[in-house]
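Per-entry structural report
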Amino acid sequence: MDHAGFILLSWVLTFAATGAYARFVVRRGRDLAARATREEMPWT
Amino acid sequence: MTSDSVSDRPLISIDLALPTDLDTVTPASAANRPGTGTAATRRLGTLVAVMLTALAAFGLVFSAEDVVQGSTVRIMYVHVPTIWVAYMAFLVTAVCSGAYLSRRNRSLAWDRVAGASAEVGVLFVAISLVTGSLWGRLTWGTYWVWDARLTTTLFLFITYVGYLAVRRLGGTQRQRARRSAVLALLAVLEIPLVHFSVELWRSLHQEASVANPNARVELDGLMLFSLFLGVVTFTLFYVWLVLHRQRVLALEDTVADRGLDEAIRDRRNEAVG
């Protein structure tokens, strides 16, 4: 594959950025859920 | 309590029973708490992970190289879907903002979905800018030109970063919701400007090809499939992210309300004492 470095960098950046954001959101949710009651989390 | 009621239910709430009884969970096992997840979001997350793996396989291995672009076309399988999702995210933000402003019963859930969607949109437009820049280096010989499409897309990104900054200004939750909703309804007007910039001005960036009936573009079956798979995968990923993020925002509002309540109670106790 020509230009493999640029192509792989594009994919790695995409997956890393979205993965890092997803991880942040899930962790933040867990941290806040620890301070909330069940009634305050109607999706549960 | 403030009028920004903590009982505002999230707009998107998939009501499925969880196996864990939260009342029995101790702080030490907080990592095991479900947080913003439900059985449905876990299933959706698993599906997205599988589809991302499939997308990487088709986009990087199975699909053919383009006769003109060569292997650089493989960047398109992440570049195009991410800007599509960014457009959609900003449209959702505008629709939810309009709903918040127009409804008599103004639920903050609309505002939270608007904020969550804008945040995810900013992430995806940033990815699209970076991947487009890498593609431009290979195809045009430069990472950046002040081309109409690139410039308007950068302007779109900066606008929504500003929107997120406005959401963090002080005031009550309803003040936040009202001013950010107005801004969202103005900011969304940039999307047609970005989309049609390649037709309005002389642009280095090519016009729409796949979705353009006038374009004479023939795509190999696997190339079209990879592009379609990318759009579907990142759209589902967007849905998963917004589901979680708007619940996080609901929890942040809840915790902020409780902190305010406690501060008021402490102040009253001090006054009485």
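What follows is about the pattern of salt bridges. All names here are of chain B. In total, this model carries eight salt bridges over all chains according to the counting rule given. Among the salt bridges present, the one from Asp253 reaches Arg112, with a minimum N-O distance of 2.9 Å. A residue pair is termed long-range when its members are at least 10 positions apart, and Asp253 in helix H7 (residues 221-272) and Arg112 in helix H3 (residues 108-139) qualify at 141 residues. A relative accessible area of 1% means that Arg112 is categorised as buried. Across the pair Arg245 and Glu119 runs a salt bridge whose closest N-O atoms are separated by 2.6 Å. With a gap of 126 residues between them, Arg245 in helix H7 and Glu119 in helix H3 connect regions that are remote in the sequence. Exposure class is identical for Arg245 and Glu119. Each is buried.

On to a nonpolar patch on the surface, then. All names here are of chain B. Among the surface-exposed residues, Val61, Phe62, Leu222 and Phe225 lie close enough to one another that they form a single nonpolar patch of about 370 Å² accessible area. For the nonpolar patch, the elements supplying multiple residues, two or more each, are helix H1 (39-62) and H7. Residue placement: Phe225 occurs in helix H7. The exposure class assigned to Phe225 is partly exposed, which follows from its relative accessible area of 37%.

Take helix H1 (residues 4-33) of chain A next. Residue pairs spaced three or four apart in an α-helix point in one direction, given the helix's 3.6 residues per turn. Here H1 of chain A contains 30 residues, and its C-alpha end-to-end distance of 43 Å stays within 8% of the 44 Å for a straight helix at 1.5 Å per residue. Those residues of H1 of chain A lying buried are Ile7, Ser10, Trp11, Thr14, Thr18, Tyr21, Ala22, Val25, Gly29, Leu32 and Ala33 of chain A. Looking at the buried positions of H1 of chain A, the neighbouring elements they touch are H1, helix H2 (76-102), H3 and H7 of chain B.

Turning next to the confidence of the model for chain B. All names here are of chain B. In this model, chain B carries a mean pLDDT of 85, and residues with pLDDT of at least 70 account for 83%. Ignoring residues within four places in sequence, the model shows residues 1-7, a span with pLDDT below 50, making 15 contacts including any to other chains. Low confidence marks residues 14-28, where pLDDT is under 50. Its contacts with residues over four positions away, or in another chain, come to 28 contacts. Of the two predicted TM-score estimates for the complex, the pTM is 0.84 and the ipTM is 0.94.

Let's shift gears to the side chain of Thr82 of chain B. Along the polypeptide, Thr82 of chain B turns up in helix H2. Classification of Thr82 of chain B as buried rests on a relative accessible area of 0%. At 2.9 Å, the side chain of Thr82 of chain B and the backbone oxygen of His79 of chain B are in polar contact. Look past the residues within four positions of Thr82 of chain B in its chain and what remains in contact with it is Thr14 of chain A together with Phe124, Ile127, Ser128 and Phe234 of chain B.

Right, let's talk about the packing of aromatic side chains for a bit. Residue and element names in this part refer to chain A. Using the criterion set out here, one finds 11 aromatic pairs over all chains in the structure. When the centroid spacing of 6.3 Å and the interplanar angle of 40 degrees are considered together, the rings of Tyr21 and Phe24 count as tilted. Note that Tyr21 and Phe24 are positioned in helix H1 at a spacing of three residues, about one turn of the helix. The exposure class of Phe24 is partly exposed, given its relative accessible area of 39%.

What follows deals with the interface of chain A and chain B. Residue-level contacts link 34 residues of chain A with 56 residues of chain B. It is Trp11, Tyr21 and Trp43 of chain A in chain A that bury the most area against chain B; as a group they hold 23% of the surface buried on that side. Put simply, chain A and chain B have two salt bridges between them. One salt bridge in this structure joins Arg258 of chain B and Glu40 of chain A, with 2.4 Å as the shortest N-O distance.

A few words on the nonpolar core. In this structure, Phe90, Leu156, Tyr160, Phe234, Phe237 and Leu241 of chain B are the most contacted members of the largest nonpolar core, which totals 71 residues. Taken together, the elements giving at least two residues each to this core come down to H1 of chain A together with H1, H2, H3, helix H4 (148-167), helix H5 (173-187), helix H6 (190-200) and H7 of chain B. Per-element accounting of this core gives the leading share, 15 residues, to H7 of chain B. Not counting residues within four places of it along the chain, the set of residues in contact with Leu156 of chain B comprises Tyr87, Phe90, Val125, Glu190, Ile191 and Val194 of chain B.

Our next topic: the environment of Leu186 of chain B. Residue and element names in this part refer to chain B. Its place among the elements puts Leu186 in helix H5. What makes Leu186 exposed here is its relative accessible area of 54%. Taking C-alpha positions, Leu186 is 20 Å from Leu123, a pair spaced 63 residues apart along the chain.

The next thing to look at is a positive patch on the surface. A cluster of basic residues, Arg23, Arg27 and Arg30 of chain A together with Arg42 of chain B, forms a positive patch at the surface. When residues in the positive patch are grouped by element, the largest group, three residues, is from H1 of chain A. By secondary structure assignment, the location of Arg27 of chain A is in helix H1.

Let us now look at H6 of chain B. All names here are of chain B. Looking at H6, one finds that the buried residues are Glu190, Ile191, Val194, Ser197 and Val198. Across the axial projection of H6, the buried residues extend over an arc of 135 degrees, all falling on one side. Looking at H6, the residues exposed on the side facing more than 90 degrees away from the buried face are Glu199 and Leu200. Buried residues along H6 sit in contact with H2, H4 and H5.

So, how was this worked out
- Residues numbered from 1 in each chain as written.
- Chains lettered and ligands numbered in written order.
- Predicted model: local features only at pLDDT ≥ 70, side-chain atom pairs only at ≥ 80, totals over all residues.
- Heavy atoms only, no water.
- Salt bridge = Lys/Arg side-chain N within 4 Å of Asp/Glu carboxyl O.
- Helix = DSSP H or I, 4+ residues; strand = E, 2+ residues; numbered from the N terminus.
- Buried < 20%, exposed > 50% of the residue type's maximum accessible area, 1.4 Å probe, protein only.
- Patch = residues over 30% accessible without salt bridge, like charges linked within 9 Å, V, L, I, M, F, W, Y side chains within 5 Å.
- Areas by Shrake-Rupley, 256 points an atom, 1.4 Å probe, with all protein chains shown as cover.
- Expected span 1.5 Å × (residues − 1).
- Contact = heavy atoms within 4.5 Å.
- pLDDT = per-residue confidence, 0-100.
- Polar contact = N/O pair within 3.5 Å; in protein donor to acceptor, adjacent residues only side chain to side chain.
- Phe/Tyr/Trp six-rings, centres within 6.5 Å; stacked < 30°, edge-to-face > 60°.
- Buried area = accessible area lost by both parts, 1.4 Å probe.
- Core = buried A, V, L, I, M, F, W, Y, C linked by side-chain atoms within 4.5 Å.
- Lys, Arg positive; Asp, Glu negative; His and termini not counted.
- Charge placed at Lys NZ, Arg CZ, Asp CG, Glu CD.
- Arc of directions from axis to C-beta.

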